[in-house]
Structure formats: structure tokens, C-alpha cells
Amino acid sequence: MGNGYCCGCTGGMNMDNSIEQKWRDAWKKRNIFEAKVDPSKKKFFVTVPWPYTNGSLHVGHGRTYTLGDIVARYKRMIGYDVLFPMAFHESGTPILAFSERIANKDKDTLKLYRNYLMEYEKAENIDDIIYSFREPKNIAEYFSKVIIKDFTDLGYSIDWSRKFTSADNFYQCVVRWQFNHLKELGLLKKGEYPILYSMNDENAVGEDDIKDGDTDKVSVEEFTGVLFKGKNFDLITASLRPETLFGVTNLWINPDADYVIINYENKDMAISYLGYIKFSLQHENVKFKKRINKEDILNETFKVPFYDRVISVYAADFVDPDNGTGIVYSVPGHSIFDYVYFKKNNLDFNIKKVVETGNDINVENLVKKYNLLNDSEKLKGATQELYKEEFYKGTLINSSKYTGLSVSEGRDMIKNDLLNEDKGIMFYETTRKAETRSGSKVIVAILKDQWFIDYSKVWLKEKAHDLINSMKFYPELYRKLMNDAIDWLRERPCARKRGIGTRLPFDDRWIIESLSDSTIYMITYTNANEMRTIYDRLGDIDDEILDYVYLNKNIDINKYDDKTRKNIIDAREKFNYWYGNDLRITAPPHISNHLAFFIMNHAAIFKGKNLPGSLMLSGIVISNGSKISKSKGNVVSLLEITRRYSADLYRLFIAVGADVSSLLDWNEKDIASVSKRYDYFINILKDYKDSEENEDYIYEWFVSSFYNHLKEYLINMESMKIRDAYISIFYSVLNDFKTLENRGGNINSGLKMIMHDWLIAMSPVIPYSCEEFWHMYINDTFVSMEELDTNVEDKINYGILASEEYLGRVVEDIKEISRIIKNKGETAIITVYGEYQNDFIEMFNRKDIKPEYKIMIGDYIKNRNRILDKQINEYAVLSKNRSYIENATGLKIEILKSKEVKQKNPWPGRPTIKII
RNA sequence: GCAAGGGUAACUAAGCUUGGCCAAAGGUGUAGGACUUAAGAUCCUAUCCCGAAGGGGUUCGCGGGUUCAAAUCCCGUCCCUUGCACCA
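Being a predicted model, the structure only gives us computed values, none of them experimental.

Chemist: What should I look at first to understand a nonpolar patch on the surface in this one?
Modeler: Nonpolar side chains collect at one region of the surface, where Tyr 273, Leu 274 and Phe 288 lie side by side and expose about 250 Å² of accessible area between them. Residue placement: Tyr 273 occurs in helix 8 (residues 273-282).

Put into C-alpha cells, the structure is as follows:
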């Protein structure tokens, strides 16, 4: 331990934290990762998502960021001018919601934040910090610091000098500029939009405002309100299945609920009291007239629209006054609830079938199958089964002009006809009963004047497809998914009434929604400091300046003072140098939202080299076999990783633990197996002593093999196959060390011959260890800044690689033979091919075989597919390695060269072996 | 239902794009051995079946097909996982 290494908690020889700290500090002191414009190099701009600062990050988040850093370091290593920046996202409602909940002393929230803070803070400070979180700004600030520390500890080569947040004033100018452009392009429009709404707070609510909203999702469901004409007043029912309209036999109301008469669009209609409340929030000018007795409804008859049948109203206790309008129409032919109610209460009823599925899944059979008359448990499940079956397989029958349509077509058509002919009204309901964390009821309200980005525009979709098809995808399969996502996109609400963010420039009642403010934010990384300075000087950055900087439009630049002008020009130059996000790394769940908008907005606003270059999607991370979640207790924070394991081990695990696109399981067993190999690496380097270089055959093989692995490594990295690349340069090289040792070589001598290039090649994944050994044995420069000589071809002797492979196969064959023959011999006689066999092959290829050679034909054909094309001097290889073969097989070895024509012959790569 | 991904030896997991040196990598487990007072760790060997000569047989969800040749290509079929929207 005294020498700076520790027996890490995983039982291995991981790098001591103090060593990691040493190099972190050294890198920071010299600012080596700050990106400077260097026109002598090709630039490479890589981004990962900016973290949302409402909490600390865990193993899962770390994967994407680590991959970003590995790529950034790799690109630097092969000679690129790399920009790998980071900023923070604060927009949206969660931070706001959390701080409100802390102010309200919400138990769960306090516990959550206490848990976060316990990792980072002394116990006595925690209460004060949590108290400060009543200000949303303090949450964001606190966690951005935590994340910076985590990222720094993990050795990320981030250029922090460009850091900003989505709440920064200068950045918000950029967002407004973007929205002005979207508006100019005709991509913004207004419309109605149903939202989840808190009755007490009279405000929109998001998932995190709703009790259990994260685990049990609430969404908006669309009902068709159908108007049934009566003599004195109408009834409004709410249905999910308007296509069954022609199967209606009666109406149901709840005998114990309150009903009222309202006036809407000059019609009096009955509705449950609870339904009225919701209805009035979804439609304008809804007037309350009076309460009404149930009997007054039950005594009345009503007419079914489109189907002039007069029906009665019955009371039924299964009708929920708080679902829809509290009045439902009864279709016993297609509704299990209705059918069962009639049966159970021994009421007379008729069945009219209006949907035909062509199989025997129907109301009657399902009721029998699940014994629903006696067991109401399965009522809901059976209803779902029936609805699904009828929706996907059903055709309308007995439905006047709608007969013959599929259920989905019929449903849309009947709904639209009802709405158009004033016989229907849209009604929205939540998918489940929900309330906010503070206990207020959540319902659906209609927002007027909602702003949308219209992603349905064909010209934009075409541009987006072109862009996608010109980009690189790692892995390739996501290209198709991305194209599909673009096709599927339609209008997207892009502004909200609450939350942190930028106000719409042309309608300041609205705050730009948090995903929409993050679609092209990467442009700001290129020149964040210049933009901030411009803002500070002018108190604003107008669109003219932004057009100049980001779209290269010409303006009268001379109207600004010297310093500002210089900043503006600098900003434009830096943008022009860096932009074009060469690689964006993120995760597949972003495809249908962030990435789709990223592609669309870039395609709309930018062109040419400023468009994104490639996309890499990393698979999900699970922890100890299951999805990472607080309830499972398997959340491992990034801090815990650097404390309990080490940054290098984590990074190595990310690199080799699984293919970039596949699922990665963070678990002790797999960590231990990676750790084992990592320890081996550390140990051989730690024990290194300068020694003589050696020119023996086996060293020559070792070096050739190393460069062969390095070659594979480079090829794999070019297509972002990070795992394959590091299996070559790490695992395979480690295995070569074992072979070297088994073959009587000395590890030190081998290491000496490859250490320089090996440390450089390994440094993107395990930068701390490599930095330490680089300084210890090679040089006092930073290995993180070293360039790798990628010209490896000259260093590979393919002949010697083939020889070693040949040797291995001979040993294998001898072992196999001696295993099969149970009485072990003492000597193995290896006979390699000679001139006769060479002559034969030549003659065989010429199809002109001398008679005395013909005896060899059968044997040759049998062995042909195993014979080496490339001939090596087998006799020499075997002779040189005689003692190795003897050791490996435990037999004496005699080597002969074939000097005769026989029936069974040795062939190139395939000597005959006889054990006696 | 739609879309995407996947089903490989005891388990886990590569390979499939570009068919053949694929009985099929690596890891885990299991068995034997070396080292050790012992345990642990580490290393070596074996691990579908048969075999007294490097061979043969049967395998890659299931059923067909293409081919001299299929885990790999095509068709069908069954099963599993994930996503299906305004939420960062």
C-alpha cells in the first residue's frame, strides 16, 4: 500500500484513489482538455446529453457519458482536434416541482434528497442545504456541482470552460432566435389541446405532480359524447366505442348520483354533476341550469341518433358518475357490463349484434368462459379482451350505411359524423382516477391557444430523411428506427404555462417546453464564452447578431463597438470552425423525442457541414439483473462507483462489459471478472523493470501479434465497435503475455517492446492507470495527449504469426492423439511435407499427374481444405521450438522431412504425426 | 394490434451483415491437476456423444426451402423483451 497502490475493495489491485486525484489535478492545472482551434488538424465535435440537474447521476447515466469520453480521448489520440463540452439542463417542471414539494415538507421528497445528500455532505449540513432547496435555483446549482465532481472523478476529458445552463440569459436569446426562425418557416401553430389539470391548483400537472404518476401512468383518453334527443331535454352519454351506436338498447344512469341540466350551444342536456364540472373545463360557455331528479330522467324516453329508435333509461349501480358524463348507453350485444347486469337482475333485454369478428370470442362466450355471472373479478379483463378482439378483427354489421366498415374505420366515421351533425361532443377523461401529491383531483381540461411545432410538414420530413440517410449510425439498425420516428411525428405542443425555461418571444404567456429548447443547443458550445460576453455588454443578443453568427448572414457589423464587434466575429469563426456535431451519443429512448427534434430542427435551420454527422446509441443499463429503480434499491450512484471501485475499472467495464448497443448489467460477478484482468494488467506494469530487449523468435512473434491486435483495434474503433476494439488491445494482449510466459519468454522484455504504444492505446479507457505508468516508465508528457502511430502494417510479420499458429496446431494434434491412444508413447515423430508433396500439388493443379504419384490423390483430396496456402518453413519452425513442444506434450520429439511418395502424406500445414 | 430487437451447448454470451478452417470465442459453473500446512487466490487441463491415431456422429427455438455446403441466406411458425408520445 505504501507504494501508492491498494488492495481495492474488490479484492484486486486497483489504482489508489490518490493516484487518480494526482492526475486529475495535473490535467486540470494544465487545462489540457480545453479545446483550442488548431487548423493543422481535423476537428471532431462530440456531444452527449446535458444532464438535468434535479439529482445526482447513477451507473446507468454514466454509460453514455463514459462512451463519449472514450471516443473523445480516442479521437484526440489519433490526431483530431477534439471538442467534448458539457452544459446543464434546468428547463421544465421537475426542479420546480421538487422545490415546491420541499417547501411543503413532502415526506418522500425530503427523504429522496436526504439520500442524495448523505453521499456528499456531512450529516450536520444536510438540513441547511435541503432548506435552501426551496429555491429551485439552488437545487440546480447544487446538483450541477455534484455532477461536475462526478464527471471529473471519472476522468472525463471534458472542456468545462464552455459550461452554461439552459437558464442562462444569453442562452435564452439563442432559444428565442430559434423559435423566431421556426415561426418564419411556418412551423409554429396554435390549437386546442387536452391536458391533465389540477382542480384545486387550477393548473396543468405533469407526471411528477401526480401521486404515483411515475409508476402508474395517467394519460388522456378520448370519449365521444353522444347526444340523445328527449322531449324536454337531451342526454349526453360518453362512449369509447361510438361504432356500437346501432346496437344501443337503452341508457343507464346511476340511481345514487347527482344529475344536473346544463345548457350548451342552446341545448339543454342532462349530465352527472361530476361530469358537468369536467365538461365545463373542456368547453366554453357551459351554463348550469338546475339540479334534476333521477325520476325525471327515468320517466323520459330518448332517441338514438342516426337510428331513429326511441329507448328508455334504466338505473344501474355500475355506472360511475365520475367517469365521463355519468350516463352511458347500453349495448348488451357488445358490452359485458351491460349484458351481465341484465342477466343478474333478471331483466328483459334484446341483443342486437353490430360487430362481426368471424370467431367465437363474443360477449356470451366470454361470460361463460370466465363465469362472470358469479365472479365479477375478471369483468374488466374480459371486457379488454373483447374490445381488443373486436377492434382488430371486427367488421360492422346491421349499422345502416356504416355496415361493412372495419371497427376502426367505423369508429372514426361515426364519431366525425356525430360531431359534424351536432349530435356529438368530444369529452376527455383520465385513464385512471388520479390526484396530485397535494391531494387535488386531476381531470382533463382543454387548453386553448396551445402552441405546437408542426412536424407534420412534408418538406421538413423530406429534409430530415435526407439528413438521416447522409449520417452515420452506430449501430446501423437505428437509421431505420430514426426514419420511422420522423414519419410518425406530428404536431408537438412546444410551450407550457409553468416551469423553468425561455418565454416564447411572440407570446410571453408561454414558456418553451423543455425538450423543444434543447434541440440545437450544441451550437452554443462552440462559442459560449463569446456569446455570454456579448450578452453582458449589450444586455441582449438580437436575432441579427445570431443570424450573423450562426447562419453566416451579413449585417452591418460596424455599428458595434470594437470589443463587441471582435466578440461577434470570434463567435462566428468559432462556430464555423467547430459546428457540425460530428457525433452525438445518447440512448434509444430519445429516438422518438429528443433525437427526432434534433434531426428535424437541424434540417429546418442548418445546412451543409453544419448538419450532424453521426449518431451513436448506447443500450440500457440494468443493475444486478433488474431495471434500475429506487424501489428495487439497486441504484448505484456515480460517486459510489469511484469510491467503492475505481474510475478506471468502471470505464473498462463500460468498454468491454457489453457491446455498445446491448444491455449492460452492472453486477458484482461481472465486475469481478473484469477486475481480475485489470489487476493482471496493473500487476505486470507495476512489476516492470527495465530489461534487455530480446530478439528470440517468441518475442518477434509477441511484437507482431501486438501490432496485429493494434491493427484490429484501430479498425474496430473506426466503426465504433468499442468492445471488440478493447478485447483486441486488452484481453488479447494479456493472453499473449501468458503465451509468452508459457513459451519461456520474459514478461518484462515483452512489455518493454510494446509498452509505449500499448499505454497510449489503452489510455482512452483507463486513463489514470496509463497516465501513472507513462510517467513512471516512459515520459513526463501526458499520455492523454499523446498521438498514436497508426501506421502498424510494417510492424507485423505475418509469417511469424502463421508459424506460431501452425506450431499451436501441431501441439494440439499431438495432444489429441496421445489422449486417444491410451497407452502413452514416448516419442512423437513429426514428418513435414517435402519436395515430392510440393511437386504433386503442382501436378494436381496442372491436372497432369505422373503415374507414380497417383497413389497420393485420395489422401490429398481428403485433406485439401486444411492445407495451408501460405507455405512456411515447417521444419525450421518445429526444430527451433522442439523443446517447447516436448514440454507441452511430455513426449520426445523427432522431426523428419518427407522424402518419399506414400499413400498417407504430410501436406503443407499438416504434418503426419506418429507416436511410438 | 403496430414497430423494433431477440431465441446458440449446464448457465451467460459472441458468431449471423460478407454461407465453408464453426462442435461453434470469452466468462461462469463442474471435474482433474500444479502451488499451498490448510482455506482462499492463481495457473494448467478437460467439459455434446462415440473412438487405441489427428476421425466419425448429432447440435445453434420449431418446420420447410435454396446450395456441393447453412447457426449464418429465403419462406412459414411458435415463444420472449422493449416502445407506442408530450414526459425529462
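Chemist: I'm lost on the packing of helix 23 (residues 668-686) against helix 26 (residues 747-762) in this one. Help?
Modeler: What describes two packed helices is the angle between their axes and the distance between those same axes. Taken N-terminus to C-terminus, the directions of helix 23 and helix 26 make an angle of 120°; their axes are 11 Å apart at the nearest point. Relative to helix 26, helix 23 is oriented oblique. In terms of crossing hand, the pair formed by helix 23 and helix 26 is left-handed. Contacts between helix 23 and helix 26 involve Tyr 680, Phe 681, Ile 684 and Leu 685 on the former and, on the latter, Ile 747, Leu 751, Met 755, Trp 758, Leu 759 and Met 762. Looking at the contact of helix 23 with helix 26 residue by residue, the classes come out as ten nonpolar, no polar and no charged.

Chemist: What am I meant to see in the packing of aromatic side chains here?
Modeler: The way to describe two aromatic rings as a pair is by their centre distance and the angle between their planes. What the rule picks out here adds up to 63 aromatic pairs. Ring geometry for Tyr 65 versus Phe 151: centroids 4.7 Å apart, planes at 45°, classification tilted. With Tyr 65 in helix 2 (residues 59-77) and Phe 151 in helix 6 (residues 136-153), this residue pair connects regions lying 86 residues apart in the sequence. The burial state of Tyr 65 is the same as that of Phe 151; both residues are buried. A network of ring pairs unites the aromatic residues Phe 45, Trp 50, Phe 164, Phe 170, Tyr 171, Trp 177, Tyr 521, Tyr 525, Tyr 550, Phe 575, Tyr 579 and Phe 606 as a single cluster. Over the aromatic face of Tyr 680 sits the side chain of Lys 738, whose NZ or CZ is 5.0 Å from the ring centroid.

Chemist: Would you mind showing me how to read the nonpolar core here?
Modeler: Where a protein is soluble and globular, its nonpolar side chains tend to be buried together. Within the largest apolar cluster, 121 residues are counted, with the highest numbers of intra-cluster contacts made by Phe 681, Tyr 713, Phe 737 and Trp 758. Take this core: its biggest share by element is twelve residues, from helix 24 (residues 697-718). The residues touching Phe 737, leaving out its near neighbours within four places in the chain, are Tyr 680, Ile 684, Phe 702, Ile 747, Gly 750, Leu 751, Ile 754 and Trp 758. Judged by nonpolar contacts, the second largest core, of 78 residues, contains Ala 204, Leu 447, Ile 486 and Ala 528.

Chemist: Would you mind showing me how to read the packing of helix 17 (residues 528-538) against helix 19 (residues 562-578) here?
Modeler: At their nearest, the axes of helix 17 and helix 19 sit 9 Å apart, and the two run at 155° to each other. The orientation of helix 17 with respect to helix 19, classified from their angle, is roughly antiparallel. Considering only the axes of helix 17 and helix 19, their crossing is left-handed. On helix 19, the residues that touch Glu 530, Met 531, Thr 533, Ile 534, Arg 537 and Leu 538 of helix 17 are Lys 563, Thr 564, Asn 567, Ile 568, Asp 570, Ala 571 and Lys 574. Counted by class, the contact of helix 17 with helix 19 contains five nonpolar, three polar and five charged residues.

Chemist: I keep staring at the sheet that holds strand 29 (residues 827-832) and nothing clicks. Help me out?
Modeler: Strand-to-strand pairing in sheets goes through backbone hydrogen bonds, with the strands running parallel or antiparallel. Read across the sheet, three strands follow the order 30-29-31 without closing on themselves; strand pairing throughout is mixed. Of all strands in the sheet, those bounded by a partner on one side alone are strand 30 (892-897) and strand 31 (912-915). Neighbour-to-neighbour, the strand axes of this sheet turn through a mean angle of 20°, independent of strand direction. In the sheet, strand 29 pairs with strand 30 via six bridges, with the strands oriented parallel. In the strand pairing of strand 30, Val 832 is matched with Lys 897. Against the sheet, helix 28 (residues 798-820) engages strand 29, strand 30 and strand 31, with an angle of about 35° to strand 31.

Chemist: How do you make sense of the environment of Ala 658 when you look at a structure like this?
Modeler: Structurally, Ala 658 can be placed in the loop between helix 22 (647-656) and strand 28 (664-666). Ala 658 gets classed as buried once you look at its relative accessible area, which sits at 9%. Discounting chain neighbours no more than four positions away, the residues touching Ala 658 are Arg 63, Phe 653, Leu 663, Leu 664 and Arg 723.

Chemist: Is there a simple way to explain the pairing of strand 5 (residues 220-230) in this structure?
Modeler: Regular strands show a simple pattern: their side chains alternate between the two faces of the sheet. By the bridge criterion, seven bridges tie strand 5 to strand 16 (residues 424-430) in an arrangement that is antiparallel. Residue Thr 224 lies in a different strand from strand 16, and its bridge partner there is Met 426. Linking strand 5 to strand 6 (residues 234-239), which pair antiparallel, is a turn of three residues. Summarising the sheet, strand 5 and strand 11 (residues 301-303) pair through two bridges and their orientation is antiparallel. Following the sheet pairing, Gly 230 is matched in strand 11 by Phe 302.

Chemist: What is the right way to read the layout of surface pockets from this model?
Modeler: Where empty space is left becomes clear once a probe the size of a water molecule has been rolled over the atoms. Put simply, the second largest pocket is a space of about 1600 Å³. Taken together, 45 residues form the lining of the second largest pocket, with Phe 223, Leu 240, Asn 323, Thr 383 and Tyr 387 sitting closest to its centre. Elements with a contribution of two residues or more to the lining of the second largest pocket: strand 5, strand 6, strand 13 (327-330), helix 10 (336-344), helix 12 (379-393), strand 16, strand 17 (434-435) and strand 18 (441-454). Broken down by element, the residue count for the lining of the second largest pocket peaks at eight residues, all from helix 12.

Chemist: Help me out: how do you make sense of the protein's contact with RNA strand B in this one?
Modeler: Contacts to RNA strand B come from 40 residues, most closely from Arg 490, Arg 492, Arg 496, Asn 593 and Ile 915. In RNA strand B, the atoms that sit within 4 Å of the protein are 44% sugar and phosphate, with bases accounting for the remainder. In this structure, a base oxygen belonging to RNA strand B sits 2.2 Å away from a side-chain N or O atom of Arg 492. Residue Asn 593 places a side-chain N or O atom 2.7 Å away from a base nitrogen belonging to RNA strand B. Secondary structure elements with two or more residues in the surface near RNA strand B: helix 15 (478-488), strand 20 (491-493), helix 23, helix 28 and strand 31. Across the surface near RNA strand B, the residue classes tally to 15 nonpolar, nine polar and 16 charged.

How each quantity is defined
- Residues numbered from 1 in each chain as written.
- Chains lettered and ligands numbered in written order.
- Predicted model: local features only at pLDDT ≥ 70, side-chain atom pairs only at ≥ 80, totals over all residues.
- Heavy atoms only, no water.
- Patch = residues over 30% accessible without salt bridge, like charges linked within 9 Å, V, L, I, M, F, W, Y side chains within 5 Å.
- Areas by Shrake-Rupley, 256 points an atom, 1.4 Å probe, with all protein chains shown as cover.
- Salt bridge = Lys/Arg side-chain N within 4 Å of Asp/Glu carboxyl O.
- Helix = DSSP H or I, 4+ residues; strand = E, 2+ residues; numbered from the N terminus.
- Axes fitted to C-alpha atoms, helices over the stretch in contact; angles between N-to-C directions.
- Parallel < 35°, antiparallel > 145°, perpendicular 65-115°, else oblique.
- Left-handed = near helix turned anticlockwise from the far one by under 90°.
- Contact = heavy atoms within 4.5 Å.
- Nonpolar A, V, L, I, M, F, W, Y, C, P; charged D, E, K, R; others polar.
- Phe/Tyr/Trp six-rings, centres within 6.5 Å; stacked < 30°, edge-to-face > 60°.
- Buried < 20%, exposed > 50% of the residue type's maximum accessible area, 1.4 Å probe, protein only.
- Lys NZ or Arg CZ within 6 Å of the ring centre and 35° of its normal.
- Core = buried A, V, L, I, M, F, W, Y, C linked by side-chain atoms within 4.5 Å.
- Pairing = 2+ DSSP bridges.
- 1 Å grid on protein atoms, 1.4 Å probe; cavity = no way out; pocket = protein on both sides within 12 Å on 5 of 7 lines; lining within 4 Å.
- Points joined across faces, edges and corners; volume = space filled by probe spheres on them.
- Near = heavy atom within 4 Å.
- Polar contact = N/O pair within 3.5 Å; in protein donor to acceptor, adjacent residues only side chain to side chain.

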